[in-house]
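Chain by chain, the residues run as shown.
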Amino acid sequence: MKLTARVQQVTPSMTLAIDTKAKAMKREGIDVISFSVGEPDFDTPPHIRAAAEAALEQGKTRYGAAAGEPRLREVIAQKLQRDNGLCYGADNVLVTNGGKHSLFNLMLALIEPGDEVIIPAPYWVSYPEMVKLAGGTPVIVSTTLETGYKITPEQLQQAITPNTKLFVFNSPSNPTGMVYTPDEVKALASVIVERDIWVVADEIYEKLLYDGAQHLSMGAVSPEAYDRTIVSSGFAKTYAMTGWRVGFLAGPVDLIKAAITIQGHSTSNVCTFAQYGAIAAYEQSQDCVQQMLAAFAERRQVILDYLNAIPGFTCPKPEGAFYVFPNIAQLGISSLEFCDKLLETQQVAAVPGIAFGANDCIRFSYATDVDSIRRGMDRLTQFVRSL
Ligand code: GLU
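A. Local environment of the overall build of the protein chain. Scanning the protein chain from N- to C-terminus turns up 14 helices and 12 strands. For the protein chain, whose C-alpha radius of gyration is 20 Å, the value lies close to the compact-globule estimate of 21 Å for 387 residues. If you line up the protein chain on its principal axes, its C-alpha atoms span 55 × 55 × 55 Å. Looking at the protein chain as a whole, 55% of its 387 residues qualify as buried. For the protein chain, contacts bridging at least 24 residues in sequence account for 75% of all contacts bridging at least 6. For the protein chain, the exposed surface amounts to about 16,100 Å²; the carbon and sulfur share of it is 51%.

In C-alpha cells:
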C-alpha cells in the first residue's frame, strides 16, 4: 500500500504508545508501575459525572452543533473572562474532542506549506507532528536547564523569519513542568507584537501550580497581544476527565469559524452528554480541583526527594503540571535505551526525553498514588545502580 508522504513523515505518539504497552502489561497481570502518560489517577468528580448522567437521561444523545453546545461555549467564554482576563464571547469558542484536537484544528486552519511554526524544545510530543500534518515546517528552538527550559525573548526574536506564522507557547509546560513568570510572558508577548506573528497559548495545565507560581495568559498582557493570541485548553487534566475528550479552542471569530468548518467535516460535535459534564465542571464548585492539586503537590515532593538522591540525575523543581523531567546526561545512556531497559527489567514505565526533543532527559508523570511512586522510585534507584 502506498501511504501518503504526509503520514509517512510523522512518528507515532510515544506517550500513547508507552501508555498502551504499560496498560497491556497490567492486564496480563504484570506489576507495572507507570509514570508514563499524563493522566490523573482520580475518578472524575461525582458532580461532573452526575451532570453527564442527567444529560443522558434527558435525551442529550443526538447530534449537536459542530461548534459545541451553546451553553458550554458561553460557559467557557465566561471562564476565560473571569479567570484569564480574556474578553471572549461564545462566538470566540469552539468545543473540540480534547485539547489535542483543538490544536489539530488550529493547525489545519492556520498553517500551510511554506509556513514556519516556532516550537521551543522540550516540547509536547504532538506539536511538531501536527505542524507537519498541516504541511508546515516546525522550527525547533532548543532551551537549556540554565534557563529553566524556557525560551528567551532573544531566542524567539532570532527564530522569527518572514515565513513565521505561529509560536507555540505552553506554560505550565509538558514535559518540564516549568512555569513562565508573568514578566517572562510579557517579554515574549512584546516580541510577538513587535514581529506581528500569531501565538497559540496551550493552557491545559494552568490550574496545576505549586509554590505560589502564577499563571498569566499571553492574551491578557495587552490588547495587541490579545489580537495575536489563540487559546487551546481542555478539561482532562484539571478535572480528571481524560477519557471524556472535551477541550476547546478560543480566538478570533474568523479563525474559530474556519475551525468549525473543519470540525464539521471531520468529527462533527463532541459527545453531546459529555459536554454537560464539562458545563458542570466550570459552573460548579472548584473544591475538587484544590483537592487534586493538594494531592499532586504531595506527590511532587515525594518523587523529587527520590530523584534528587539518585546519582547522575539532575532534576529541576517543576512549578506546574504533574511532570518531572530529570536530566540523565551523566549516565551516558540514551533516553530510549534507558526507558526500554527500565520497563523490561523493573516494570517501570516512563517516557524517553527524545519524544519531547530532549534525548538527555526522562519524563515521569506523578499523577499516580504515593505508594506507587515510592515503589516505582525504589525500583528506579535499583535500576540506576545496576547500570
Ligand atoms: N498529554 C498527555 C501526555 O503528554 C496525554 C498523552 C498525549 O496525548 O500525548 O502524556
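B. Just the packing of helix α4 (residues 70–84) against helix α11 (residues 272–283), in detail. Between α4 and α11, the shortest axis-to-axis distance is 9 Å and the interhelical angle comes to 30 degrees. If you check the angle between α4 and α11, you find them roughly parallel. Of the two possible hands of crossing, α4 and α11 adopt the one that is left-handed. Across from R71, L72, V75, I76, K79 and R82 in α4, the residues of α11 making contact are Q275, A278, I279, Y282 and E283. Tallied by class, the residues present in the contact of α4 with α11 amount to six nonpolar, one polar and four charged.

C. Structural view of the site of the ligand. All residues in the neighbourhood of the ligand are listed as T15, L16, V37, G38, K100, W124, V125, N174, K237, Y323 and R363. At 2.7 Å from an oxygen atom of the ligand is found a main-chain nitrogen or oxygen belonging to G38. For the ligand, an oxygen atom lies 2.9 Å from a polar atom in the side chain of K100. Within the complex, 89% of the 280 Å² of free accessible area of the ligand lies under protein.

D. Looking closely at the pairing of strand β5 (residues 164–170). Counting buried residues along β5, six of its seven residues qualify, which places the element largely inside the surrounding structure. Pairing geometry for strand β3 (residues 116–121) and β5, over three bridges, is parallel. By the bridge assignment for β5, I118 is matched with F167. Note that the unit made of β5, helix α8 (residues 182–195) and strand β6 (residues 198–202) has a crossover that is right-handed.

E. Region of interest: the environment of I151. Here I151 shows up in the loop between β4 (137–142) and α7 (153–159). Residues I151 and R6, spaced 145 residues apart in sequence, show a C-alpha to C-alpha distance of 29 Å. Once you skip the residues sitting within four places of it in the chain, I151 turns out to touch P120, V141, T143, L156, F167, Y180 and L188.

F. Representation of empty space enclosed by the protein in the model. This model, assessed by the stated rule, comprises three cavities of 30 Å³ or more. Estimated volume of the largest cavity: approximately 120 Å³. Along its surface, the largest cavity is lined by 17 residues, and P120, P122, N170, S173 and Y180 are the ones closest to its centre. Elements that contribute at least two residues to the lining of the largest cavity include exactly β3 and β5. If you tally residues by element for the lining of the largest cavity, the top one is β3, at three residues. In the lining of the largest cavity, the residues fall into 11 nonpolar, five polar and one charged. The computed volume of the second largest cavity comes to approximately 50 Å³. Around the second largest cavity, the lining residues are K79, E203, I204, E206, K207, S233, G234, T238, Y239 and Y282. Among the residues forming the lining of the second largest cavity, the class breakdown is three nonpolar, three polar and four charged.

G. Local environment of the layout of surface pockets. When its volume is computed, the largest pocket comes out at roughly 480 Å³. Looking at the lining of the largest pocket, its residues break down into nine nonpolar, eight polar and eight charged.

H. Just the environment of A274, in detail. Relative to the assigned elements, A274 resides in helix α11. Separated by 129 residues in the primary sequence, A274 and L145 have C-alpha atoms spaced 40 Å apart.

I. Just the pairing of strand β8 (residues 247–250), in detail. Burial of the side chains of β8 extends over both faces: G247 and L249 are buried on one face and F248 and A250 on the other. Looking at chain direction, strand β2 (residues 93–96) and β8 are connected through four bridges and run antiparallel. Across the sheet, V95 pairs through a bridge with F248, a residue of β8. Judged from the four bridges that link them, strand β7 (residues 229–234) and β8 form a sheet pairing that is antiparallel. Paired with G234 across the bridge in β8 is G247.

J. Spotlight on a nonpolar patch on the surface. On the surface, a cluster of nonpolar side chains totalling about 370 Å² of accessible area is made up of M1, L3 and V7. Along the chain, the position of V7 falls in helix α1 (residues 5–8).

K. Focus on the sheet that holds β4. Strand order across the open sheet formed by seven strands is β2-β8-β7-β6-β5-β3-β4, with mixed pairing between neighbours. A single partner strand is all that each edge strand has here, and the edge strands are β2 and β4. Adjacent strand axes in the sheet meet at a mean angle of 20 degrees, parallel and antiparallel pairs treated alike. With respect to the sheet, α4 is in contact with β2, β7 and β8, its orientation differing from that of β2 by roughly 115 degrees.

About the criteria used
Residues numbered from 1 in each chain as written. Predicted model: local features only at pLDDT ≥ 70, side-chain atom pairs only at ≥ 80, totals over all residues. Heavy atoms only, no water. Helix = DSSP H or I, 4+ residues; strand = E, 2+ residues; numbered from the N terminus. Rg over C-alpha atoms; globule rule 2.2 N^0.38 Å. Buried < 20%, exposed > 50% of the residue type's maximum accessible area, 1.4 Å probe, protein only. Contact = heavy atoms within 4.5 Å. Areas by Shrake-Rupley, 256 points an atom, 1.4 Å probe, with all protein chains shown as cover. Axes fitted to C-alpha atoms, helices over the stretch in contact; angles between N-to-C directions. Parallel < 35°, antiparallel > 145°, perpendicular 65-115°, else oblique. Left-handed = near helix turned anticlockwise from the far one by under 90°. Nonpolar A, V, L, I, M, F, W, Y, C, P; charged D, E, K, R; others polar. Near = heavy atom within 4 Å. Polar contact = N/O pair within 3.5 Å; in protein donor to acceptor, adjacent residues only side chain to side chain. Pairing = 2+ DSSP bridges. Right-handed = clockwise from strand over helix to strand, strands pointing away. 1 Å grid on protein atoms, 1.4 Å probe; cavity = no way out; pocket = protein on both sides within 12 Å on 5 of 7 lines; lining within 4 Å. Points joined across faces, edges and corners; volume = space filled by probe spheres on them. Patch = residues over 30% accessible without salt bridge, like charges linked within 9 Å, V, L, I, M, F, W, Y side chains within 5 Å. Salt bridge = Lys/Arg side-chain N within 4 Å of Asp/Glu carboxyl O.

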